[in-house]
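# Breakdown of the fold
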Amino acid sequence: MASTLNAAVSLTSSKSSSLPATSCAIAPDRIRFAKGAFNYKSNNVVTSRRMVSVRAEVTTTDTPPVKKVEKESKKNEEGVITNKYRPKEPYTGKVLLNTKITADDAPGETWHMVFSHQGEIPYREGQSVGVIADGIDKNGKPNKVRLYSIASSALGDLGNSETVSLCVKRLVYTNDAGEVVKGVCSNFLCDLKPGSDVKLTGPVGKEMLMPKDPNATVIMLATGTGIAPFRSFLWKMFFEKHDDYKVTEYSAWLFLGVPTTSSLLYTDEFDKMKAKAPENFRVDYAISREQANDKGEKMYIQTRMAQYAPELWELLKKDNTFVYMCGLKGMEKGIDDIMVSLAANDGIDWFDYKKQLKKAEQWNVEVY
């Protein structure tokens, strides 16, 4: 409701018997009585020179309430389901496949595993599922759920929407006391045999969902098992047929960072994608222990990206470019370092601009 004060004001001067009455509309919060005294009985304001007579009435007019405009997401999130299964009531799936996908001389093991869910966990590309390892923790309680990015498209590796795949690195390290420590959930998963049961929760997450624009350019930055959500993206783009994601309209650029060649993941699949759509898919590897740039610096993912920095910056200035980052947290700072000077050349503060990209859902980060 908005209100106005309709006032008829008469000014009486000691030197003039009368002045014409003036009508005006005044917002109530704008009324101010200047120097003088107010006579409540006669509604008069008396000043040193004149008397102001105010006759007023307040009227109200209905103003339609302002509706908040809901932001339309740029991601393909329509109908996305989350938290169908929770830790207290997980879904029990079956292991269909569990195979090591790194070479024997790689610094650490990474496994690709496929679980059957009979269509009961309807996930989307970019979501995660939880796994509850068998057994109890050091406090005698059931092991807590651990989240893993899904490495398969929504159709799954078998194409029937009844499986979900994960890409898991076996965690083994030596602590300060010289003791060998094994990650509970990662070792549980890597040791699973086909036919075993596995307790699953989820699906969860919307941060890493694919964009719904069929003409978008998707830049994917991954270290190690951070490749998982991007394998799901790329399968949908290049190995499947979808009316809303035609490979002829889509551009994808993947940067994958690993320590050694023997640690590279899913390269056979990426080679097939490049052969199928050479104009729409680019992939660049950063192998830190084997490669270096012209300055002799180790080839981390940000080092490889620096070689294409001007081209990447031009893409980031377009409103249909989406960046997705998954893996080790340290790579984000390295990428910031690249972009600061490029943005400055255009008179742009990179960190302010990155905030705008995040707000527009064009800069998506899931690091650990």
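Residues numbered from 1 in each chain as written. Predicted model: local features only at pLDDT ≥ 70, side-chain atom pairs only at ≥ 80, totals over all residues. Heavy atoms only, no water.

So, on to the overall build of the protein chain. The helix and strand inventory of the protein chain stands at seven helices and 18 strands. Per-residue burial over the protein chain gives 42% buried out of 368 residues. Summed over its atoms, the accessible surface of the protein chain is roughly 20800 Å², and 51% of this surface lies on carbon and sulfur atoms. (Helix = DSSP H or I, 4+ residues; strand = E, 2+ residues; numbered from the N terminus. Buried < 20%, exposed > 50% of the residue type's maximum accessible area, 1.4 Å probe, protein only. Areas by Shrake-Rupley, 256 points an atom, 1.4 Å probe, with all protein chains shown as cover.)

Another point: the pairing of strand β8 (residues 128-132). Note on strand geometry: in a regular strand, side chains alternate between the two faces of the sheet. The element β8 is largely enclosed, with a buried count of five among its five residues. In β8, alternate side chains face the same way, and those of Ser 128, Gly 130 and Ile 132 on one face and Val 129 and Val 131 on the other are all buried. Of the pairings in the sheet, the one linking β8 to strand β9 (residues 145-149) comprises five bridges and is antiparallel in character. The residue of β9 that forms the bridge with Ser 128 is Ser 149. When β8 meets strand β13 (residues 197-204), the two strands line up antiparallel, connected through four bridges. Its bridge partner lying in β13, Ile 132 is registered against Lys 199. (Pairing = 2+ DSSP bridges.)

On to the sheet that holds strand β18 (residues 363-367). Taken in spatial order, the five strands line up as β16-β15-β14-β17-β18 in an open sheet, and their pairing is parallel. The two strands at the open ends of the sheet, each matched to only one other strand, are β16 (281-287) and β18. Between one strand axis and the next, the sheet turns through 10° on average, direction left out of account. Pairing analysis gives seven bridges linking strand β14 (residues 217-223) to strand β15 (residues 251-258), with the strands arranged parallel. Residue pairing in the sheet places Met 220 in a bridge with Leu 254 of β15. (Axes fitted to C-alpha atoms, helices over the stretch in contact; angles between N-to-C directions.)

So, about a nonpolar patch on the surface. Taken together, Leu 96, Leu 97 and Leu 158 make up a surface patch of nonpolar side chains, about 280 Å² in accessible area. By relative accessible area, Leu 96 is classed as partly exposed at 41%. (Patch = residues over 30% accessible without salt bridge, like charges linked within 9 Å, V, L, I, M, F, W, Y side chains within 5 Å. Salt bridge = Lys/Arg side-chain N within 4 Å of Asp/Glu carboxyl O.)

Right, let's get into helix α6 (residues 330-345). The largest bend in α6 amounts to roughly 25° and is located at Met 339. Of all the positions in α6, only Met 331, Glu 332, Gly 334, Ile 335, Asp 336, Ile 338, Met 339, Leu 342 and Ala 343 are classed as buried. As for α6, its buried residues are in contact with β14, α4 (301-306), α5 (309-316), β17 (321-327), α7 (350-359) and β18. Just downstream of α6 lies Gly 347, where phi reads positive at about 75°. (Bend = angle between axes of the 7 residues up to and from the residue. Contact = heavy atoms within 4.5 Å.)

This model, assessed by the stated rule, comprises 15 salt bridges. Across the pair Asp 134 and Lys 199 runs a salt bridge whose closest N-O atoms are separated by 2.9 Å. Residue Asp 134 is found in the loop between β8 and β9, and its partner Lys 199 is found in strand β13; the two are separated by 65 residues along the sequence. Residue classification places Asp 134 among the partly exposed positions, given a relative accessible area of 43%. By relative accessible area, Lys 199 is classed as partly exposed at 26%.

Further remarks concern the nonpolar core. Core analysis: the largest hydrophobic core is formed by 34 residues, its most contacted members being Ile 227, Phe 230, Leu 234, Leu 254, Phe 270 and Phe 281. Broken down by element, the residue count for this core peaks at seven residues, all from helix α2 (residues 228-239). In this view, Phe 281 contacts Leu 234, Phe 238, Ala 252, Leu 254, Phe 270, Met 273 and Lys 274; residues no more than four positions away in its chain are not counted. (Core = buried A, V, L, I, M, F, W, Y, C linked by side-chain atoms within 4.5 Å.)

So, on to the pairing of strand β7 (residues 110-116). By the criterion of burial, β7 is predominantly enclosed, with seven of the seven residues buried. Residue alternation in β7 divides its side chains into two sets, Thr 110, His 112, Val 114 and Ser 116 and Trp 111, Met 113 and Phe 115, and both sets are buried. In this structure, strand β6 (residues 91-100) lies alongside β7, joined through six bridges in antiparallel fashion. Within β7, the residue paired with Thr 99 across the bridge is His 112. Note: β7 against strand β10 (residues 163-169), seven bridges, orientation antiparallel. Across the sheet, residue Trp 111 finds its bridge partner in β10, namely Val 168.

All of the buried residues along α7 are Trp 350, Tyr 353, Lys 354 and Leu 357. Seen from one end, α7 has its buried residues packed into an arc of 105°, which puts them on one side. In α7, the exposed positions angled more than 90 degrees off the buried face are occupied by Lys 355, Gln 356 and Lys 359. Next to the buried residues of α7 lie α5, α6 and β18. Between the side-chain oxygen at the start of α7 and the backbone nitrogen of Phe 351 there is a gap of 3.1 Å, and the oxygen is on Asp 349. (Arc of directions from axis to C-beta. Polar contact = N/O pair within 3.5 Å; in protein donor to acceptor, adjacent residues only side chain to side chain.)

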